[in-house]
Every structure is written in structure tokens, then in C-alpha cells.
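Okay, here's what each chain looks like letter by letter:
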Amino acid sequence: MATLTPTLTLKSTDVTSDPLSFSVVDTLTINKAVISPSKAITSTGDLTLLAAATYTKSYVYLKNTDGSIVINVDFGSQLAMTLAAGEFAFFPWDSSANIVVASASGTPYVEYAVFEA
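Structure report, in brief. None of the values given here were measured: they were computed from a predicted structure.

Thresholds applied
- Residues numbered from 1 in each chain as written.
- Predicted model: local features only at pLDDT ≥ 70, side-chain atom pairs only at ≥ 80, totals over all residues.
- Heavy atoms only, no water.
- Helix = DSSP H or I, 4+ residues; strand = E, 2+ residues; numbered from the N terminus.
- Buried < 20%, exposed > 50% of the residue type's maximum accessible area, 1.4 Å probe, protein only.
- Contact = heavy atoms within 4.5 Å.
- Areas by Shrake-Rupley, 256 points an atom, 1.4 Å probe, with all protein chains shown as cover.
- Lys, Arg positive; Asp, Glu negative; His and termini not counted.
- Charge placed at Lys NZ, Arg CZ, Asp CG, Glu CD.
- Core = buried A, V, L, I, M, F, W, Y, C linked by side-chain atoms within 4.5 Å.
- 1 Å grid on protein atoms, 1.4 Å probe; cavity = no way out; pocket = protein on both sides within 12 Å on 5 of 7 lines; lining within 4 Å.
- Points joined across faces, edges and corners; volume = space filled by probe spheres on them.
- Nonpolar A, V, L, I, M, F, W, Y, C, P; charged D, E, K, R; others polar.
- Pairing = 2+ DSSP bridges.
- Axes fitted to C-alpha atoms, helices over the stretch in contact; angles between N-to-C directions.

Scanning the protein chain for helices and strands turns up zero helices and 12 strands. From first element to last, N terminus to C terminus, the protein chain shows the α and β order β-β-β-β-β-β-β-β-β-β-β-β. The principal-axis extents of the C-alpha atoms in the protein chain amount to approximately 45 × 40 × 25 Å. Burial status across the protein chain gives 32% buried among its 117 residues. Partitioning the contacts of the protein chain with sequence separation of at least 6, the portion at a separation of at least 24 is 70%. Split by element, the accessible area of the protein chain, about 6700 Å² in all, is 53% carbon and sulfur. Across the protein chain, 5 positive and 10 negative side-chain charges occur, with their mean positions spaced 9 Å apart.

If you look at the biggest cluster of nonpolar residues, it comprises 19 residues, and the most contacted ones within it are Leu49, Leu50, Leu62 and Trp93. Elements represented by at least two residues in this core include exactly strand E5 (32-41), strand E6 (47-50), strand E7 (58-64), strand E8 (71-75), strand E10 (88-93), strand E11 (99-103) and strand E12 (109-116). Filtering out sequence-adjacent residues up to four positions away, leucine 50 remains in contact with Ile35, Tyr55, Val60, Trp93, Asn98, Ile99, Tyr112 and Val114.

Volume-wise, the largest pocket comes out at about 270 Å³. Pro6, Thr7, Leu8, Val24, Val25, Asp26, Tyr61, Phe88, Ala89 and Phe90 together form the lining of the largest pocket. No other element matches the three residues that E10 contributes to the lining of the largest pocket. Residues of the lining of the largest pocket, tallied by class, amount to eight nonpolar, one polar and one charged.

This part is about the sheet that holds E7. Strands sit in the order E5-E12-E7-E10 across an open sheet of four strands; the sheet is antiparallel. Edge positions in the open sheet fall to E5 and E10, since each of these has one partner strand only. Direction aside, neighbouring strands of the sheet carry axes that sit 15° apart on average. In the sheet, E7 pairs with E12 via seven bridges, with the strands oriented antiparallel.

Structure (C-alpha cells):
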């Protein structure tokens, strides 16, 4: 068993009438890093990045490394999120549906990692 410590910090002086500043830290127990940070090239066609049948409960990191092209992220055939240029996501995944990616245009890279719980 290993531990993974994700941290999220949000700060702003002008998004609300009061300054915003908070941080959330968690300690996750994981069995292993199934996929250490890797990159995959996307296209406008669907690419099954992570097949649900291959994993159990996991934590997933995704990042759009492109400077301008949006990457759509689906859980199965349902649009779950869009990652704009430079955006990232870290989330728990129950592996009940494939994680599928497709770019709005071109062939940007998506960086990803999987940590199985």
C-alpha cells in the first residue's frame, strides 16, 4: 500500500466581495500507480483512454497540454467535462464506464495518470 496526497488551493482577491483563500488536503491509500504520468495524442475521433474493464476504483489525473485546443472527456458516451488549453482535473473514478477523449480539432496531447485504490 502507498499513499497519495492531493492538495487543492483556491485564492483570489476579486472573485467575491471578500478575499477567497482555502486549501483542502487529503491522504489517499492506493495500491499502485497503474499508469505513471503519460501522454496520448488525441484527434476529433473518440479515443478510449482508460477502459473500465481494466481497472478497479481509481484516482485519475488528466491535463490538456495544448495551448489552444479543447479536449472533451466522456464517461462512456456521456460528456463529463471539457478541458480547455492547459486545464487539468483530478478525480475519483469508479471504473463503471470507459474514459474517452476527443479533441475539438487537431491532435493535441492529453497527459494522464491512474492510481488504483
